[in-house]
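Topology and contacts: notes
Residues per chain, in single letters:
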Amino acid sequence: MSQPNAGERPVGNEEANEDAGILSKASADAIALEAIHNFKGQYPKQLWLLFLTEMWERFCFYGMRGILTIFIGSEILNHLPESLADKTANLQYGAIQAFVYAFTFAGGLFADKILGFRKSLFWGGTLMVIGNFLIAANPHHFFYIGICFTIIGTGFFKPNISTMVGALYREGDPRRDSGFGLFYSGINVGAFLGGIVCVYIGKELHSWSGAFAAAGIVMVIGLLTFVFTQRTLGPIGISPLPAQMPKSQKKLREILVYAGSLAVIPLIWLMVKNTDYTDIFMYIVGPLTLLYLVYEMRRLNKVERQKMMAALVFIIFSILFWGIYEQAGGSLAIFALKNLQPNLLGMHIDPNMVNNSSNAIFVIALSPIVGLAWVALAKKKANPNTVVKFGLGFLFLAAAYYLYYYTRFFADSEGRTSLNLFTLAYLVITFGELCLSPIGLSIMTKLSPKPLWGVMMGMWFLASAYGQYVAGRIGASLAEVPEGASNLERLYNYTDGYRHLALYALIAGIVLILIAPFVRKLMHEVT
């Protein structure tokens, strides 16, 4: 009977030791996760670090968002007639924003299946840094290639940091909503700073390179913050691939994801420059995504499927909400540039800085107040359920767009109107956003089974992609005025459109409130 050579161990022992190592790591991970879930107080310490990471990423994102339409129209398309340049800028803005959010679905999917949330986030942040610095190097020549890197990077970054916030809480933890509320404030701190700084550098200092460079620099800060954060996350966000899988196979799959994400850059470049291709893409990707979700749902039990149906109701209505709301980066940016007086409460200020930052500062100020209002209503057992809150969000949205419409009655002969009333509309729209958006992030993780968290967060952002796409189409239609039209005629054209959008939002809000009891049944114990 043969014996093992000296220094060798029987294969069976090696396998046993490997299995024991895997079990030991799984046990350690479970203990670490339990320790995270058992945090004292209102917020886990990891949330503050994720807050900072997201804050800098949102500075980068919203800083770019605030200048995109203006930059495209005035610098990239300045060879076109003004009306056509504004229309095309809106379409390209809508395409860019749509692809940003569409790729969050892919980012969530690859994080769920291969990379894990951490590697996905770091890869996305790295691509965003590259994209911003490419544009900063030469905004006129490298804009489209740089924006493609940024689109893919945001897709890998955004859904996965939100999912990690949800993973800090065990199922049923009542503190989850307040955690997402704090996280949402981090988004808006970054949005406020980015909206002010990038617009100021680009417009006031006349340095588009500086504006895009600023976005890239803060993204580097965000990545460094996350590197430090990883040490405190335990098993949250690690690769979902089986521990028994050979390292070489894991590495190959990761490399294929990285290479594939870079390989689609030429396709995105083509679709952003020619928005007719964007139309085709959006007509295809939505139905395919729904088919994939149906495929995943076949494994779920009846209650889980009903919860997923409720989630789809929220997703569908959110498309309309964002389609109207997201005029902020498109038609409202042009409206602020050409049709607003630079005077707010007696102070001289650039209307585009107000357009890009006022909503964020209102969210920061009002989030605690709205949160306390929900708590007070809950104590009186009068807190509206999530569906009704979505409906209320639409009603506030309608009121805000009626105010945008009403600015026409304060216009001067040059077609410039009150920045004060415009800012008041942003205050109203903020109440609508606070009824919908932070709750939406949380409700996706509540209604989704854990294996589909990343996919459903991606679906939530994919709905935003369609909202952005719709917003671009709406903004383009508002920009269509006869060549040579006066600035006052342009103002009337925009405000007529805002009146129609207010009506659509009003109808949607009423419908949601009416169907709330039916959707509430589908949600079961989730409120």
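As a reminder, the structure under discussion sits directly above these lines.
One structure accompanies this document, and this report is about it. (Residues numbered from 1 in each chain as written. Predicted model: local features only at pLDDT ≥ 70, side-chain atom pairs only at ≥ 80, totals over all residues. Heavy atoms only, no water.)

This part covers unusual backbone geometry. Phi at Leu-345 takes a positive value of approximately 55°, unusual for a residue other than glycine. Note that Leu-345 resides in the loop between strand E1 (343–344) and strand E2 (347–348). Owing to a relative accessible area of 69%, Leu-345 belongs among the exposed residues under this scheme. Positive phi, normally seen in glycine, also occurs at Lys-381, with a value near 55°. Along the chain, the position of Lys-381 falls in the loop between helix H12 (351–379) and helix H13 (386–406). The class for Lys-381 is exposed, based on a relative accessible area of 79%. (Helix = DSSP H or I, 4+ residues; strand = E, 2+ residues; numbered from the N terminus. Buried < 20%, exposed > 50% of the residue type's maximum accessible area, 1.4 Å probe, protein only.)

With that settled, the discussion passes to the side chain of Ser-464. With respect to the helices and strands, the residue Ser-464 is situated in helix H15 (residues 453–478). With relative accessibility at 6%, the residue Ser-464 sits in the buried group. Residues within four places of Ser-464 in sequence aside, it is in contact with Tyr-101 and Trp-322. (Contact = heavy atoms within 4.5 Å.)

There is about 1300 Å³ of room inside the largest pocket. Along the wall of the largest pocket there are 44 residues; nearest its centre are Pro-174, Arg-176, Asp-177, Ser-178 and Lys-446. Looking at the lining of the largest pocket, the elements that each hand over two or more residues are helix H5 (176–204), helix H10 (302–325), H12, H13 and helix H14 (419–447). Classifying every residue of the lining of the largest pocket by side-chain character gives 19 nonpolar, 14 polar and eleven charged. (1 Å grid on protein atoms, 1.4 Å probe; cavity = no way out; pocket = protein on both sides within 12 Å on 5 of 7 lines; lining within 4 Å. Points joined across faces, edges and corners; volume = space filled by probe spheres on them. Nonpolar A, V, L, I, M, F, W, Y, C, P; charged D, E, K, R; others polar.)

What follows concerns the pattern of salt bridges. Using the criterion set out here, one finds 18 salt bridges in the structure. One salt bridge in this structure joins Asp-496 and Arg-408, with 3.0 Å as the shortest N-O distance. In this pair, Asp-496 is assigned in helix H16 (residues 487–523) and Arg-408 in the loop between H13 and H14, connecting sequence segments 88 residues apart. Look at Asp-496 and you get partly exposed, because its relative accessible area is 27%. Close ionic contact of Arg-499 with Asp-496 constitutes a salt bridge, the shortest N to O distance being 3.9 Å. Placement of the pair is Arg-499 and Asp-496 together in helix H16, with a separation of three residues, close to one helical turn. According to the relative accessible area criterion, Arg-499 is partly exposed, its value standing at 31%. In this structure, a network of salt bridges that share partners links the residues Glu-54, Glu-57, Arg-58 and Lys-158. (Salt bridge = Lys/Arg side-chain N within 4 Å of Asp/Glu carboxyl O.)

Geometric values such as these leave the question of function open.
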